[in-house]
Amino acid sequence: MIRLLRLLGILVLLVLLGGLMAGAGGLALFYHYGRGLPDFAQLADYQPPVSTRIHAGDGRLLTEYAIEKRAFVPIGAIPKRVIDAFLSAEDKSFYTHPGIDPLGILRAVIVNVKNLGGARRPVGASTITQQVAKNFLLTNEVSIERKVKEMILAFRIERAFTKDHILELYMNEIYLGIGAYGVAAAALHYFDKPLDELTLAEAAYLAALPKAPNNYHPQRFPDAAKSRRDWVLERMQEDGVISAAEAEASKAERLVMRPRPDDIYVRGADWFAEEVRRRLAKSYGETTLYKGGLSVRTSLDPRLQVIADRVLRQGLISYDRRHGWRGPLGRVQLGADWTTQLAQVAPPGGIDPWETAIVLAVGENYADIGLIDGQRGRIPWTELHWARPALEEQEVGPSPKRASDVVKPGDVVAVEPVRASADGTAYPARSFALRQPPKIEGALVAMDPHTGRVLALSGGFAYARSQFNRATQAMRQPGSSFKPFIYLAALDAGYSPSSLILDAPFVMEQAPGLPKWKPQNYTGEFYGPSTMRTGIEKSRNLMTVRLAQAIGMDKVADYAQRFGITPNLQPVLSMALGAGETTVLNLTSAYAMIVNGGRRVTPSLIDRVQDRNGKTVYRHDNRRGDGCQAAFWTNQPPPVIPDSREFVTDPLSAYQMISMLQGVVERGTGAIVSQVGKPLAGKTGTSNDFRDAWFMGFSPDFVVGVFTGFDDPLTLGKKETGSAVAAPIFRDFMKEALSDKPATPFRIPPGIRLVRVSHATGRPAAPGEKDAILEAFKPDQAPGAEGSVLEGVGMAPMEGEVHEDNSSSTPTAGGLY
């Protein structure tokens, strides 16, 4: 008995010693791996990377910028069924364990021992707390060392934070496939639903994803996805959070992925979105842009953007067709396997919605083609005869007489399906038109002139072809579209629309060794003393140069700066003809300040920016009116919103300029725009050698700028002026944009007097005079009483000298038309 007791004592002592040694070993292990672990205090103020969302003016989503697509949701806003599904799938004892699950670890050890020597990856027993430690603070390395560190951190995290906070971290951080981080983003990307609208089956499917989301994609692996979802439902039933009936009903539910519908997105506003991105990055930095969860409301009007993209594209194509066929996109040696040959020819960027085709055979008046899907079609002669050969300087060769003059078998061309010819004649099925991506580029900006909000912005023919934004980045010569600001400076200086300016030869000496500068009118003729109105309506270069010299180029440069056209215009006379450089956005903003009565506006694409917490950090319009915050109307007067913006010009001068530019549309170089049938005003612009073509115009509440030209400033060709290339684009845009708007007349400010005068002379009109118009005068002005520029400023040429040189040896020759 004594020996038995002694033996029992020895065993107890050995057990105690073993326990002490194991405890010491454990402490040593924890001490060894616990040193230098990441600081988990950062989890207290969890700021996960969240998507920045850019919205159009109507609230639809324009685009998102993110490193990880995530929408943060606090734990209190996550529905119980979603939480229950994740706990059953990942960690059913989450709310009771101290950070690790001993029973789960034991089960994992048994499974891994059985799998020793096999190819299967070891299974883990990580609790949600351990997953938080790994996802936030450690790596995905599979090792005992990382597992020990994970457990140590889990203990520490459990002591520092509440269970709800730990679960909130997990539910927002976990990756759930298809680029979605967190349960809220996953619900949107898989089912197009917020969390509170998920069915039980959908919540169970999301909970099935953390282990291997790519293996359970509902479209690529439907059987595996459904099996995994049903397993989660069974676990939920076993845990008692759902009934057997609920589990069976949810298992019977089809697993259908519902992509987000297209109508929540704004398509095609790529240049606008990229300009917004650039401005946000400049203001807030790349980190905040891609991780900060900003909510940005822009000024974009999706309807106007669609119109802008379409009419600009159509206008550029129309110009390109006038200047001939440059040949096929490529050529192949035609063989039996022509679909493979066609697939090997890369289509040019921006060809959509056209498609590439290979010419299979050519008849007298048609070309048979094959498409990449193996289908065949035919291009009729009426869709081929436009293709005159393109020559240098935008000239064209003779018209083709047969289809073989245009295409040959083996040619790869761009085509578009058509149903009828231009005159309405119906085509047979599978008829196509020959298309050609234009080389010319352009830009269009539409703006609210009263606020500066940019409503539409198109920066070229196709964003897929070139991301360069010609509306905001291209510096181009505005030509004659700059002239209104010289005339406006003169109106502010006391001139009136009826003031006479001499239209006669003008010659000026340049620097030694350079020829004399001899600007000319577009027609090459001289018209003698003419009213300022006629000068702007007919875009007379010689009148503009004389007027600029009379008021002084320093004043012209000042107006260019105050209207935001260009900050440092050289005070030389050639700049009066638009030889300086500006952007479409800047010039459109300048015209906005004319139509709004002379108030300064700052062009803006962004209305408001909110941070991830919903706090407004930027607002374009910061004005506040007394009484705007009233909860109820109690017969109080409506609030008055103060307008503290400075005037950049006299409102009366601004209206006189509006009236003169309205004459450009009614009687002058912009007459093609009058086809819109609404009150409009504007100005054409063409730079020297026809390199840039512009039209800048407006209605009372809408200002639009159009530019066209080659990226490498080549000539557009003879007679390809602003009125021929840009004005039709403006016309087509305004026809659609104003189709549902009434014909609102331009607002006349107090103080303006309308006097009936002769359009030709600016003097009071006689009774019954046919060319009489109503001219706008200030209170201290009367017809014939204002200043004029009638002296022969500049060196007059010798009698009989012919003025045919329309250019200068310097690059600042100026505008034409």
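Residues numbered from 1 in each chain as written. Predicted model: local features only at pLDDT ≥ 70, side-chain atom pairs only at ≥ 80, totals over all residues. Heavy atoms only, no water.

J.: Is there a simple way to think about the overall build of the protein in this case?
T.: Secondary structure summary: the protein contains 20 helices and 22 strands in total. Buried residues in the protein amount to 51% of all 817 residues. Partitioning the contacts of the protein with sequence separation of at least 6, the portion at a separation of at least 24 is 70%. Carbon and sulfur atoms make up 55% of the accessible area of the protein, which totals about 37,900 Å². (Helix = DSSP H or I, 4+ residues; strand = E, 2+ residues; numbered from the N terminus. Buried < 20%, exposed > 50% of the residue type's maximum accessible area, 1.4 Å probe, protein only. Contact = heavy atoms within 4.5 Å. Areas by Shrake-Rupley, 256 points an atom, 1.4 Å probe, with all protein chains shown as cover.)

J.: Would you mind showing me how to read the sheet that holds strand β12 (residues 441-447) here?
T.: Strand pairing in a sheet takes place through backbone hydrogen bonds and is either antiparallel or parallel in direction. With respect to topology, five strands assemble into an open sheet ordered β13-β12-β20-β19-β18, the strand pairing being antiparallel. In this open sheet, the two edge strands, each paired with only one partner strand, are β13 (454-458) and β18 (681-686). Neighbour-to-neighbour, the strand axes of the sheet open up by a mean angle of 5°, direction not taken into account. With six bridges joining them, β18 and strand β19 (residues 692-699) adopt antiparallel strand pairing. Residue pairing for β19: alanine 681 is matched across the bridge by phenylalanine 698. Across the sheet, helix α12 (residues 302-322) lies against β12, β13 and β20 (702-709), angled at about 30° from β13, the strand it touches most. (Pairing = 2+ DSSP bridges. Axes fitted to C-alpha atoms, helices over the stretch in contact; angles between N-to-C directions.)

J.: What should I look at first to understand the packing of helix α9 (residues 222-238) against helix α10 (residues 244-251) in this one?
T.: Axis separation between α9 and α10 bottoms out at 9 Å; the angle between their running directions is 170°. Taken together, the axes of α9 and α10 are roughly antiparallel relative to one another. Where α9 abuts α10, its residues Lys226, Arg229, Asp230, Leu233, Glu234 and Gln237 lie against Ala244, Ala247, Ser250 and Lys251. Looking at side-chain class alone, the contact of α9 with α10 contains three nonpolar, two polar and five charged residues. (Parallel < 35°, antiparallel > 145°, perpendicular 65-115°, else oblique. Nonpolar A, V, L, I, M, F, W, Y, C, P; charged D, E, K, R; others polar.)

J.: What should I look at first to understand the environment of arginine 691 in this one?
T.: Position of arginine 691 among the secondary structure elements: in the loop between β18 and β19. Here the alpha-carbon distance between arginine 691 and aspartate 712, two residues 21 residues apart in the chain, equals 9.2 Å. A polar side-chain atom of arginine 691 sits 3.2 Å from the main-chain carbonyl oxygen of proline 713. (Polar contact = N/O pair within 3.5 Å; in protein donor to acceptor, adjacent residues only side chain to side chain.)

J.: Before we go on, may I ask you to explain unusual backbone geometry in this structure?
T.: Trans is the prevailing form of peptide bonds, just as negative phi is the prevailing case for residues other than glycine. In this model, aspartate 352 is joined to proline 353 through a cis peptide bond whose omega is 10°. Mapped onto the elements of the fold, proline 353 is located in the loop between α13 (338-343) and β7 (355-362). At serine 539, a residue that is not glycine, the phi angle is positive and equals roughly 55°. Tracing the backbone shows serine 539 in the loop between α15 (532-537) and α16 (541-551). Positive phi, normally seen in glycine, also occurs at phenylalanine 690, with a value near 55°.

J.: What should I look at first to understand the environment of isoleucine 264 in this one?
T.: The residue isoleucine 264 is located in the loop between α10 and α11 (270-291) in this model. Looking at isoleucine 264, the relative accessible area reads 23%, which means it is partly exposed. Expressed as a C-alpha distance, the spacing of isoleucine 264 and leucine 61, which sit 203 residues apart in the sequence, is 6.0 Å.

J.: Even after reading the chapter, I still don't get a nonpolar patch on the surface, so can you show me in this structure?
T.: Judged by side-chain polarity, Ile748, Leu754 and Leu774 come together as a nonpolar surface patch covering roughly 270 Å² of accessible area. With respect to the element layout, leucine 754 can be found in strand β21 (residues 753-758). (Patch = residues over 30% accessible without salt bridge, like charges linked within 9 Å, V, L, I, M, F, W, Y side chains within 5 Å. Salt bridge = Lys/Arg side-chain N within 4 Å of Asp/Glu carboxyl O.)

J.: Where do I start with the pairing of strand β9 (residues 376-380) in this structure?
T.: Bridge analysis of strand β8 (residues 366-371) against β9 gives five bridges, and the strand direction is antiparallel. Bridge pairing links alanine 367 to isoleucine 379 in β9. In textbook terms, the turn of a hairpin is the stretch between consecutive antiparallel strands, and for β8 and β9 this stretch comprises four residues, one of which, glycine 374, has a positive phi near 90°.

J.: I would appreciate a short explanation of helix α19 (residues 651-667) in the present structure.
T.: Three- or four-residue spacings in an α-helix give side chains the same orientation, since the helix completes a turn every 3.6 residues. For α19, which comprises 17 residues, the first-to-last C-alpha distance of 24 Å matches the rise-based estimate of 24 Å (1.5 Å per residue) to within 8%. Within α19, 14 of the 17 residues are buried, leaving the element largely enclosed by the surrounding structure. The backbone nitrogen of leucine 652 lies 3.0 Å from a side-chain oxygen of the residue at the head of α19, namely aspartate 650. (Expected span 1.5 Å × (residues − 1).)

J.: Sorry if this is basic, but what is going on with the sheet that holds strand β16 (residues 606-610) here?
T.: Taken in spatial order, the five strands of this open sheet run β2-β1-β5-β16-β17, and their pairing is mixed. The sheet is open, and its two edges are formed by β2 (61-65) and β17 (616-619), each paired on a single side. When strand polarity is set aside, the average angle formed by the axes of neighbouring strands in this sheet is 15°. Two strands pair when backbone bridges link them, and strand β1 (residues 52-55) and β2 are joined in this way by four bridges, in the antiparallel orientation. Across the sheet, the residue bridging to arginine 53 is glutamate 64, located in β2. Packed on one face of the sheet, α11 meets β1, β2, β5 (295-298), β16 and β17 and runs near 35° to β2.

J.: I would appreciate a short explanation of the pattern of salt bridges in the present structure.
T.: Proximity of charged atoms lets side chains of opposite charge pair with each other. Inspection of the entire model under this criterion finds 45 salt bridges. A salt bridge links arginine 378 to aspartate 368, with the nearest nitrogen and oxygen atoms 2.7 Å apart. One end of the pair, arginine 378, is in strand β9; the other, aspartate 368, is in strand β8, and 10 residues separate them in sequence. Residue arginine 378 is classed as partly exposed on the basis of its relative accessible area of 38%. A salt bridge links arginine 540 to aspartate 503, with the nearest nitrogen and oxygen atoms 3.3 Å apart. Pair noted here: arginine 540 is in the loop between α15 and α16 and aspartate 503 is in strand β14 (residues 500-503), with a separation of 37 residues, a long-range link. Connected through shared salt-bridge partners, Arg533, Glu537, Glu666, Arg667 and Glu775 make up one network.

J.: Would you mind going over the environment of alanine 85 with me for this structure?
T.: Positionally, alanine 85 belongs in helix α2 (residues 80-90). Residues alanine 85 and leucine 233, 148 residues apart in the sequence, show an inter-C-alpha distance of 7.6 Å.

J.: Which parts of the structure should I look at to understand the confidence of the model for the protein?
T.: When pLDDT drops low, the exact placement of atoms in the prediction is not to be read closely. Summary statistics for the protein give a mean pLDDT of 89 and a share of 88% for residues scoring 70 or more. Counting contacts from residues 793-816, a segment whose pLDDT is below 50, to residues more than four positions away or on other chains yields 65 contacts. (pLDDT = per-residue confidence, 0-100.)

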